[in-house]
Amino acid sequence: MELLSHLLKSDPAAPRLTVYNENTGARLDFSAITLDNWASKVGNMLLEELDLDEDSTIAIDLPISWQAAVIVLGALAADVNVVFGAHGADAVFTSPDRFSTSRDNGDVVLVSDDPFGRGVVESGGELPRGAIDFGPTVRFYGDQFFNPTRTLSEIVGATDATPGARVLSTGWSDKDSFMRTVLMPLAVGGSVVVVSGLADTERLDQIAQSEKVTARI
């Protein structure tokens, strides 16, 4: 898969996405290899489990999280359109507490907030009738994606992001801000630190220092 090929060639094991959840205290790192594996699994799931194609759209109705990020990467790999919100899609990826707002979509995929990617049932919840449990479902699919893909730099296009920068942000609210905070830094060979949950300026400064951040958004 070509999506993250530039990162895989330059330094496949270096942290490329670091996600803090200040509400739970979780911190997770994802290398280019790990992101590539997740994007492949999600891309295969979109095509095979949900039967989507380039004319299809998925909605991301999730809190800021690594799960939301890798689902977007998988959609980019599969050339499936992405919108942020609860409505207007062939499938919606949402959290259990938002399930009722997602019923006018097609397939509903529930994503738990478990930091290690366990499914809704695996992490102690109940799966509503008709919903798909993301964790165990995506795990079934292969971590290689054999369909042709564009590179991330081709998808992003021209950008003024600083090559190689390690960028700190407090996340995204829509497709454009996801592009700025995640995709653009990765496209130019950088890395991303995303802090979700309640974090004041002092805490963000601490994270920036410990993560050797070179830019903020």
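About the cut-offs
Residues numbered from 1 in each chain as written. Predicted model: local features only at pLDDT ≥ 70, side-chain atom pairs only at ≥ 80, totals over all residues. Heavy atoms only, no water. Patch = residues over 30% accessible without salt bridge, like charges linked within 9 Å, V, L, I, M, F, W, Y side chains within 5 Å. Areas by Shrake-Rupley, 256 points an atom, 1.4 Å probe, with all protein chains shown as cover. Salt bridge = Lys/Arg side-chain N within 4 Å of Asp/Glu carboxyl O. Lys, Arg positive; Asp, Glu negative; His and termini not counted. Charge placed at Lys NZ, Arg CZ, Asp CG, Glu CD. Buried < 20%, exposed > 50% of the residue type's maximum accessible area, 1.4 Å probe, protein only. Pairing = 2+ DSSP bridges. Helix = DSSP H or I, 4+ residues; strand = E, 2+ residues; numbered from the N terminus. Contact = heavy atoms within 4.5 Å. Phe/Tyr/Trp six-rings, centres within 6.5 Å; stacked < 30°, edge-to-face > 60°. Axes fitted to C-alpha atoms, helices over the stretch in contact; angles between N-to-C directions. Left-handed = near helix turned anticlockwise from the far one by under 90°. Nonpolar A, V, L, I, M, F, W, Y, C, P; charged D, E, K, R; others polar.

Asker: Looking at this structure, how should I read a negative patch on the surface?
Answerer: A cluster of acidic residues, Glu-48, Glu-49, Asp-51, Asp-53, Glu-54, Asp-55, Asp-90 and Asp-107, forms a negative patch on the protein surface. Assessed through its relative accessible area of 37%, Asp-90 is described here as partly exposed.

Asker: I keep staring at the sheet that holds strand 5 (residues 91–94) and nothing clicks. Help me out?
Answerer: Note on sheets: strands pair through backbone hydrogen bonds, and any given pair is parallel or antiparallel. On the basis of which strands lie adjacent, the open sheet formed by five strands has the order 4-3-5-6-7 and parallel pairing. The open sheet has two free edges, formed respectively by strand 4 (81–84) and strand 7 (132–133), since each of these has just one partner strand. With two bridges joining them, strand 6 (residues 107–110) and strand 7 adopt parallel strand pairing. When the bridges of strand 7 are listed, Leu-110 appears paired with Asp-133.

Asker: Explain the pattern of salt bridges to me, please; I cannot follow it from the model alone.
Answerer: When charged atoms on two side chains of opposite charge get close, those side chains can pair. Scanning the model with the defined rule gives nine salt bridges in all. A salt bridge links Glu-211 to Arg-27; the shortest N-O distance between them is 2.8 Å. Taken together, the residues span a long stretch of sequence, with Glu-211 in the loop between helix 7 (201–210) and strand 10 (215–216) and Arg-27 in strand 2 (residues 26–31) at a distance of 184 residues. Salt-bridge contacts for Arg-216 lead to Asp-205; the nearest nitrogen and oxygen are separated by 2.7 Å. Of this pair, Arg-216 sits in strand 10 while Asp-205 is found in helix 7, placing the two residues 11 residues apart along the sequence. Residue classification places Asp-205 among the partly exposed residues on the basis of a relative accessible area of 35%. Connected through salt bridges with shared partners, the residues Arg-27, Asp-29, Arg-166 and Glu-211 form a single ionic network.

Asker: Please clarify how the side chain of Thr-57 should be interpreted in this entry.
Answerer: Of note, Thr-57 is situated in strand 3 (residues 57–61). Not counting residues within four places of it along the chain, the set of residues in contact with Thr-57 comprises Val-80, Asn-81, Val-83, Gly-88, Ala-89, Asp-90 and Ala-91.

Asker: What should I look at first to understand the packing of aromatic side chains in this one?
Answerer: Aromatic ring pairs: the centre-centre distance and the angle between the two ring planes describe each pair. In total, this model carries seven aromatic pairs according to the counting rule given. Ring geometry for Phe-84 against Phe-178: centres 5.8 Å apart, planes inclined by 40°, an arrangement best described as tilted. Residue Phe-84 is found in strand 4, and its partner Phe-178 is found in helix 6 (residues 175–187); the two are separated by 94 residues along the sequence. Using a relative accessible area of 23% as the deciding quantity, one classes Phe-84 as partly exposed. The exposure class of Phe-178 is buried, given its relative accessible area of 1%. Through successive ring pairs, a cluster of aromatic residues spans Phe-30, Trp-38, Trp-66, Phe-93 and Phe-134.

Asker: Would you explain the packing of helix 2 (residues 32–49) against helix 3 (residues 66–78) in this entry?
Answerer: The axes of two packed helices give the description: the angle between them and the distance between them. Close contact between helix 2 and helix 3 brings their axes to 7 Å; oriented N to C, the two are set at 65°. Considering how the two elements wind past one another, helix 2 and helix 3 form a crossing that is right-handed. Between helix 2 and helix 3, the contacting residues are Leu-35, Trp-38, Ala-39, Val-42, Gly-43, Leu-46 and Leu-47 on the first element and Trp-66, Val-70, Ile-71, Leu-73, Gly-74, Ala-75, Ala-77 and Ala-78 on the second. For the contact of helix 2 with helix 3, the per-class residue count stands at 13 nonpolar, two polar and no charged.

Asker: Sorry if this is basic, but what is going on with unusual backbone geometry here?
Answerer: Across the chain, the bulk of peptide bonds are trans and the bulk of non-glycine residues have phi less than zero. At Asp-51, a position not held by glycine, the phi torsion is positive, near 55°. Since its relative accessible area comes to 65%, Asp-51 is described here as exposed. Its identity is not glycine, yet Asp-79 carries a phi of approximately 60°, on the positive side. On the secondary structure map, Asp-79 appears in the loop between helix 3 and strand 4. Its relative accessible area of 41% is what places Asp-79 among the partly exposed residues.

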